[in-house]
Amino acid sequence: MKKVDAVVIGAGAGGGVVAKELSTHGLSVVLLERGKWYGPNEDRKDDLRNQRTTILGNNSGPEDEGNPRVVVDLQGHERIVAPSQGEYSNNAACVGGGTLTYGAMAWRYHPLDFRMRSTYGAPEGSTLEDWPIDYDDLEPYYEKAEWEIGVSGDDSNNPFKGPRKKALPMPPLPPTREHTLLRAAAERLKLHPFHIPMLRNSVPYGGRPGCMRCRWCVGFACEVNAKCGTQNTVIPTALASGLCELRTGAMVKEIQFDARGRATGVAYFDGDDRLETQEAELVVVSGAATESARLLLNSRHALFPHGLGNRFDWVGRNLQGHTYTGAVGYFEEDVYDDLGPGAGIAVSDFNHGNPGLKGGAMLANEFIRLPIHMLSYLPPGTPRWGKAHKDAMRKYYRHTICVQGPTQEMPLWESRVQLDPKVKDRWGIPVLRISGDKHPLTLETGRAMAEKAVLWLKEAGAAEIWRKLPGHGTSGGQHQAGTCRMGDDPKTSVANKYGQVHDVENVVVADGSLHVTNGGFNPALTIMANAYRISEHILQTWRGSRFRS
Amino acid sequence: MKNPDRRRFLQTAAAVAAAGSAAGCGGARSRWRFFSLEEGSTLRAMVAWIIPTDQDPGAVEADTMQYIDRQLRGRFAAQAKTYRDGLAAANRLAGGNYAAATAARQQEVLRQLEHDPELHRFFDLLVAHCMQGFYGNPRHGGNRDFVSWRMLGVPVLPARGRDTRDLPKGGRYEKG
């Protein structure tokens, strides 16, 4: 294989952006993706087999066969799990990564989300820390992501957001019944409801049509390509540059190094399981928090025998996602109007400034529910079978609204991925072993957020309300983050503020792994924005074989 | 009979014969891929209680049995033994033939299964699979004619959302 300027591992939210930025600025790029490229018409609308409901498997990789992980529960029992099992913490393995099938909320983190340690101190048992960058550092790149990849919505009524220089490029979709009810209630409560920013075309944009408002949204590839992921925006742009080659079915085994510990490229298995080498001046790791950490740990050298970037045992630590909590309300009126994506209204009143709590969450109405989803939304105590269960399905399906939000988690040293000493994948590469729990403060904040959702639903007229409360165990999944924390001190972080691994300057991480904390919001736009920022740093300082210091 | 293959062959032959004669009368033509005829009739009688028929069709009309039957030959293959043992236990607890037992006895057996320290595993699977077959997509064998979606008031044929068009076999569309 011909040596290139940069090899990018993982064609998701982070890697897609980096591949585009580097290739359109004259660098030669090979983009390696272990999964496939699914066109919008290749994803069946199957409610039992998709990214979010995996009863009969998932639709965006990796395959259940040959991709195991080991999960250790709170009692110390371990078991081997497949990607379609929840504990696996799967996101996706395909071109676009999670952005192919996501719900597509396009949040900018709150300015205080970058300053959690300064704002809330150091809670006992947590590795809570500030980011090495501020909201202001990221603001121009948030804007770039919003305009290049495409965001609709209107957050002008959100007084809690960080300063925004430019409005969103697309208007919001018209409100649903849920939205209308919840907006009036929020205003009566003196909250500040607004239209959720979404990486979804509300009108034609970027050469693709607007949303047709079908019910097959979260968990599915958009049939008309109205949902904006990296697979239908930056990656096609990268390929059109003529300088980026995408190779699918490419499973990276390890990063390779010369005698002095400088990265020379990667070894990977191609689609026919042949071991290949791709040499590159620069290696960009964008496999998402679980797989990026795995790759670093599997990339060893005499200078770092415990894995790249792992001199102080930080790689794989602080695995976090979000602790979703909220409430479901029953309304006597019909609140189902069969309009996707369903989620449309949010408040950011409770992200910070909650007395006695450290952090909080954005709260929003939930995405449209298919009948199969309703099974897990019925009130507690509903008989699980028989006529009473059927009656409950009939009573509640068109009459419930769910309000919930992603509680920001207190990172934990013990919540982690590491290499399992025994289990390997079908290529013989050691797999991940996941273990850990949630900090008590995370659970407390989650419960408090559920109460906020209760208040909102009650004001909206819900006749019955039941809570969705937090549970123990690790989180991660679609929102996985934190395992290659960036920071200024090499002793307490894996990468510097530009994503460069402290030990080896020509390996750059660009995905959610870098997040020191994960905000009280969905992370996709932040991953994209940070990838733009990291790319710009590479372009400004890269001198063909070295970074200009 | 010692030889399981021979037993399966005879059951299949009987099923084909039964289906053939039933089809001749315009009756049901359901043919099991996994279950024996006896197991199939036990399963049918059980799911009728899990999602009963009332003013709306229930698990039997939706043919959730077929969903379960198909998946046990595929995705749920690892649960085959749990099903065989569970259905046999249901018959045993019902005095030999669950489907022929009285309604009261059938319900009593379900409650026994539900609370049995071992057999509850089978019952839990049965309930979960029954719900999937009833409320999930008809392409997997259950929810015949979208009966559950009609019941819930979900528009069945989505003018929006491709559900009926699939890729031509081996065909590919352009990416991006």
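Look up: the structure comes first, before these words.
Cut-offs and rules
- Residues numbered from 1 in each chain as written.
- Chains lettered and ligands numbered in written order.
- Predicted model: local features only at pLDDT ≥ 70, side-chain atom pairs only at ≥ 80, totals over all residues.
- Heavy atoms only, no water.
- Buried < 20%, exposed > 50% of the residue type's maximum accessible area, 1.4 Å probe, protein only.
- Helix = DSSP H or I, 4+ residues; strand = E, 2+ residues; numbered from the N terminus.
- Pairing = 2+ DSSP bridges.
- Phe/Tyr/Trp six-rings, centres within 6.5 Å; stacked < 30°, edge-to-face > 60°.
- Lys NZ or Arg CZ within 6 Å of the ring centre and 35° of its normal.
- Contact = heavy atoms within 4.5 Å.
- Buried area = accessible area lost by both parts, 1.4 Å probe.
- Salt bridge = Lys/Arg side-chain N within 4 Å of Asp/Glu carboxyl O.
- Polar contact = N/O pair within 3.5 Å; in protein donor to acceptor, adjacent residues only side chain to side chain.

Caption draft 1: Spotlight on the pairing of strand S11 (residues 323-330) of chain A. All names here are of chain A. Most of S11 sits inside the fold, with seven of its eight residues counted as buried. For S11 and strand S14 (residues 400-407), the ladder comprises eight bridges, and the chain directions are antiparallel. From the neighbouring strand, Thr323 faces S14, where its bridge partner is Thr407. As judged from the five bridges shared by S11 and strand S17 (residues 464-468), these two strands associate in the antiparallel manner. The residue bridging Ala327 from the neighbouring strand is Arg467, located in S17.

Caption draft 2: Highlighting the packing of aromatic side chains. Residues and elements named next belong to chain A. By the definition in use, this model includes 24 aromatic pairs over all chains. Between the aromatic rings of Tyr109 and Phe114, the centroid separation amounts to 6.1 Å while the plane-to-plane angle is 45°, which identifies the pairing as tilted. With centroids separated by 4.8 Å and ring planes inclined at 75°, the aromatic side chains of Phe114 and Trp131 adopt a geometry described as edge-to-face. Of this pair, Phe114 sits in the loop between strand S4 (78-81) and helix H2 (116-120) while Trp131 sits in the loop between H2 and helix H3 (135-150), and the two are 17 residues apart along the sequence. A single burial state applies to Phe114 and to Trp131, both of which are buried. Three or more aromatic residues link up through ring pairs in this structure, and these residues are Trp107, Tyr109, Phe114, Trp131, Tyr135, Tyr142, Phe194 and Phe521. The ring of Trp147 carries the charged tip of Lys166 above its face, separated from the ring centre by 4.1 Å.

Caption draft 3: Region of the structure containing the interface of chain B and chain A. Facing 44 residues of chain B, the contacting portion of chain A comprises 44 residues. Carbon and sulfur atoms make up 55% of the surface buried where chain B meets chain A, a total of about 3,800 Å² over both sides. Between the two partners, chain B and chain A, sit eight salt bridges. Between Asp124 of chain B and Arg384 of chain A there is a salt bridge, with its nearest N and O atoms 3.0 Å apart. The tally of links from chain B across to chain A stands at 20 residue pairs in polar contact (both at pLDDT 80 or more). Listing elements by their share of the side of chain B that touches chain A, those giving two or more residues are helix H2 (37-50), helix H4 (64-72), helix H6 (103-115), helix H7 (120-135) and helix H8 (147-152) of chain B.

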